[in-house]
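Residue strings, one per chain:
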Amino acid sequence: MLFGRRKKNPIILRDKGVVEWKYATCGYCSTGCAMEVGLDAAGNAVTTRGVADAPVNLGKLCIKGITEAEILRAPGRGTDPLMRNHSYEQWQTVDWDSALDKTASEFKRVQERYGRDAVAIVSTGQILTEEFYTLGKLARGVIGTNNYDGNTTLCMASAVSGYKRSFGSDGPPGCYDDFSHTECLMAFGSNLPEQHPVIYWRLKEAQEKRKFPVIVVDPRVTMFAQFADIHLPITPGTDLVLLNSLAHVIFAEGLADEDYIAQHCNGGEDLRELVKRYDPATAAKITGIDEDMIRNVARIYARAGAAMSIWTMGINQSTHGSDGVCGINNLNLITGNIGKPGGTSLSITGQCNAMGTREWSSCSGLPGYRALENAEHRKEVGEFWGVDPAFFPEKRGLFMTDIFPAIESGEIKALWLVATNPLTSMPNTTRIRKALEKLEFCVVQDAYADVESAQYANVFFPASVWAEKDGCFTNTERRVNRVTPVTAPLANSKPDLWIFNQLAKRWEQGRTMKFPDTAAQVFEEMRALSPGTGANGEPRILDLSGMDYDKLLSQRGIQWPMREGDETGTARLYTDGVFQFADGKAKLLAMEWRDNNEKPDSDFPFWLNSGRVVEHFHTRTKTGKVGNCNKYSPTAYMEINTDAARELGIEQMEYVRLVSRRGDAVVMAQLTQRVPYNMVFVPFHFFDCVNRVSLGLLDPHSRQPAFKQAAVRLEKVDQLEAARLNRELRAY
Ligand code: SF4
C-alpha cells in the first residue's frame, strides 16, 4: 500500500546504466570532496557519488558535485584551437601547431619590442597542481615574465598575506577535525552553508554532538547567521575595529594566555598599547555592534578551552583584508589558540585548487613557498630546473589587479588567460573591457570556448576539464587528493599540462630544460623539490616527500607536511608553537584601522554587498551549463530590505537599475529582511551584472579588491525593456 507523498509524487532516480566508477576530487570548491564518477557502457560520464570512506566528506556532495558529470560534455566546450587577427573577426579553426606557433611568436615579438615583462600571464585556482608547477616553470624559467599571477588574488590573497605576516609562511594551520574539538567557533564574512555546504555539514554535525557556541560576523542575515547562536551584523569594512576591540577586552580583563604570548610571540606590547584605543564603546560606534555584545563575545571566545576562527571573502575582499586576517591571527595567538585541536585560524579557501597554486605555481615567487627575494631560493630552484638564477627576477611582479591597469598604461601588451574570466570576475567591467581592447595579443586557454573573456582573444586553446586529466588538488585543510582521468579529453581539447609542455618547446631554453610528459613524473619533481629547511632552521612545512599517488588514493587524500618515511600526513601546523620566522616566534601586529572605503552618501545611499549562491560557482563558466543549477538559480537578483523597497516603490521581482559611480546594471529585486535598510546584496556570478558597478579598491598588502564595499543608488526602469535586456544577456 502506498502512502502520502510516495503515492502522489514519487521521487524516481533514473538508472543511468553505470558500469564503472572512477575516483576524482570535486573540481569546484576548496572543500575537496572525494567522489566517484560513474561511466556508462559507452564510457560516458553520467553521474557522480561521494566516496563514503573519504575523511573530508564521508560520502556527501553538494548540488554542484552531484551534477558535476554534466560539465564534461556541456555545450560551449572548446573542441579545437581557434585563431583570428582581431577580436571582432570570425574565429578560424586551426591545428594545435598553428595556435602554439602563433602564440610563441607573438610573445617573442612583444618581448623583443617592449621588454620581457610586457607579456602577462593570469592563471587560476582550477587546474591541477602538477599543471601549476609546470606553468610556473614555463613562466619563470622559459618565457621569463615577472607579470605572472593567479586569479586567487581576487579571493585568497589577503589570507596568504595575513598568514605570512603573522606566522612567517602561508598555509592554513587548522583542519576540519578542529570542529570536533572546539568549544567556540567564530566565523567572519563566511556564509558557509551556501559557499562550502559540506564543510558546514561537518561543523553542524560536530555541533549537534557536542553543543558549542557559533558566532557569525556578517552584515547580512545569511543562512549561516540564521543558524548561529550569536550574529554580529557588522558595518562593512570595520572588521579590524571589532578584532582590535575583542583584543582590548581580552587584555583588559586578564583573559589573555600570557604564557603562550611570552613563549611564542613577538609584538605583544605594541598590540596591547594600540588596542587600548579600541574600547568597546568606541568600537560600537564604528562597527554598529553593541558594546556589551563585544565584551560578551570576547569573554566567550577567550574563556573557551579551545576556540577557532574561520573566514572567507567578508574578510579577504576588503581594503583591510590582510589586516583583518592578521587581526584574526592576533585573536588566536593571544588566546593560545593556534596548533591545538579546536584552536586555530582557518581560512576557508575558494577554488578547488587555490591551495595548489599558492604552493606550487610560482605566481608570487618560486615553487614550494620559496621567495624570489631570497637568493638561496633562486639558486636552489635555478639549479634544479637548469635555469641561470640570474634569469629570475629578484622580487615578485604585478598582481592580477595591477596587471589590468598596466595594460591600460601600455606597460603590458600581451596577455595569456588560463582558466580565468576577468571580464566577469574583476571589478569595474567597463575598465576591464577597455584594457582588453588595448592588447596587441591575447590568448585564452579554457575548457569552454564561450567564456566571456574570449571575446577579446586572438588565440583560443581548448583545454581539457577536471576529470579528463590526471593530477592532484590541495584543499582548504592542506589535503592533497587525486583526480584521475575518468574520461578522454573531449574532441581536440588537451590537458593543460600538454599545452604548457608544447609551448615550452617553442623556446630554445624550453627545449634544454626537462618538461615531463606525465603528471606522475611532475609530482616526482615536486616531491624531490619539497624537503628542505625553513627560515627558522626547522624542516620546511610544505613537504610532500612522503606522498605518492598510491598513498594519496588509498588514504583518500593526505595533509601536508608528509615527510619521507611518514605513514600519513599532519593534521595541524605549529603544534609546537614554532613559527616560520627566523626566531621561530609569531608576530602580534598592531594595526590601526583606516576609514578608506567608498561609503553610502546622499547620492549613492546603499551599501553594495556581493557574494555566492549555493548553485553557482564563480563566473558560471561551468555551473551555467548545468540544468539543475540554473533551474534553482536562473538569474541575477538583488536582495533589498522590505522597508527600503516600500519607500522607493519597488515591488517583489521588479527590475531595478543599480547605479554606482562606475556604471549601472539592471537586476531583479527580491524583498527580504536579510539585508539591512541601507544595503543591497547581489550574487557575483553573473556576467555584466554586479561588477559593472563594483569599485574594488585594493588592499595595500594583498592587492585584493574590496568587492564588498561600494555605494550605489537604485532607479526605477521600464519593466518590459528590462526583461528584454535581461533575456538577451542571459542568452549570451
Ligand atoms: Fe564540490 Fe565543494 Fe560541493 Fe564538495 S562542497 S561537492 S567540493 S562544490
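Residues numbered from 1 in each chain as written. Predicted model: local features only at pLDDT ≥ 70, side-chain atom pairs only at ≥ 80, totals over all residues. Heavy atoms only, no water.

(A) Up close: the side chain of H264. Topologically, H264 is positioned in helix α10 (residues 258–264). A distance of 3.0 Å separates a polar side-chain atom of H264 from the backbone oxygen of G577. Contact partners of H264, with chain neighbours within four places excluded, come to D576, G577, F579, K585 and A586. (Helix = DSSP H or I, 4+ residues; strand = E, 2+ residues; numbered from the N terminus. Polar contact = N/O pair within 3.5 Å; in protein donor to acceptor, adjacent residues only side chain to side chain. Contact = heavy atoms within 4.5 Å.)

(B) Structural context of the nonpolar core. Ranked by internal contacts, the top residues of the largest apolar core, which has 122 residues, are W416 and W560. The element that contributes the greatest number of residues to this core is helix α9 (residues 239–252), accounting for 9 residues. Residue contributions to this core reach at least three from each of two domains, namely domain 2 (82–153 + 354–483 + 490–529) and domain 3 (157–347). One finds A24, C29, V37 and L39 within the second-largest nonpolar core, a separate group that totals 29 residues. (Core = buried A, V, L, I, M, F, W, Y, C linked by side-chain atoms within 4.5 Å. Buried < 20%, exposed > 50% of the residue type's maximum accessible area, 1.4 Å probe, protein only. Domains from an automatic or database assignment.)

(C) Just the sheet that holds strand β19 (residues 558–559), in detail. One open sheet accounts for 3 strands, arranged β17-β18-β19; its pairing is antiparallel. This sheet does not close on itself; its edge strands, each paired only once, are β17 (471–474) and β19. Relative to β19, strand β18 (residues 479–483) is paired through 2 bridges, and the arrangement is antiparallel. Residue pairing in the sheet places V480 in a bridge with I558 of β19. (Pairing = 2+ DSSP bridges.)

(D) Main features of empty space enclosed by the protein. Taken as a whole, this structure holds 7 cavities of 30 Å³ or more when the rule is applied. As a volume, the largest cavity reaches approximately 590 Å³. Lining the largest cavity are 36 residues, with Q126, N151, Q351, A419 and H618 sitting closest to its centre. Its residues placed into classes, the lining of the largest cavity shows 14 nonpolar, 16 polar and 6 charged. Here the lining of the largest cavity spans two domains, since at least three of its residues come from each of domain 2 (82–153 + 354–483 + 490–529) and domain 4 (606–731). Empty space within the second largest cavity amounts to approximately 230 Å³. (1 Å grid on protein atoms, 1.4 Å probe; cavity = no way out; pocket = protein on both sides within 12 Å on 5 of 7 lines; lining within 4 Å. Points joined across faces, edges and corners; volume = space filled by probe spheres on them. Nonpolar A, V, L, I, M, F, W, Y, C, P; charged D, E, K, R; others polar.)

(E) Highlighting the sheet that holds strand β8 (residues 184–188). Strand order in the open sheet formed by 5 strands is β10-β9-β8-β12-β13, with parallel pairing between adjacent strands. Edge strands, defined here as strands with exactly one partner in the open sheet, are β10 (230–232) and β13 (344–347). Neighbouring strand axes in the sheet, compared pairwise and without regard to direction, differ in orientation by 15° on average. With 3 bridges joining them, strand β9 (residues 214–217) and β10 adopt parallel strand pairing. Residue pairing for β10: V216 is matched across the bridge by H231. Where helix α5 (residues 157–167) meets the sheet, its contacts fall on β12 (307–311) and β13, and the angle it forms with β13 comes to roughly 150°. Helix-sheet contacts for helix α15 (residues 321–334) involve β8, β12 and β13, and the interaxial angle to β12 is about 170°. (Axes fitted to C-alpha atoms, helices over the stretch in contact; angles between N-to-C directions.)

(F) How the structure looks around the pattern of salt bridges. For the structure shown, the criterion picks out 53 salt bridges. One salt bridge connects E639 with R674, and the closest N-O pair in it is separated by 3.6 Å. Of the two residues, E639 is situated in strand β22 (residues 637–641) and R674 in the loop between β24 (664–672) and β25 (679–683); the sequence distance between them amounts to 35 residues. Side by side, E639 and R674 carry an identical accessibility label, which is buried. Notably, a salt bridge pairs R692 with D664, separated by 3.2 Å at the nearest N-O pair. Taken together, the positions of R692 in the loop between β25 and β26 (710–716) and D664 in strand β24 put the pair 28 residues apart, joining distant regions of the chain. Relative accessible area serves as the criterion here: at 26%, R692 is assigned to the partly exposed category. Connected through shared salt-bridge partners, R657, D664, D688, R692, R713 and E715 make up one network. (Salt bridge = Lys/Arg side-chain N within 4 Å of Asp/Glu carboxyl O.)

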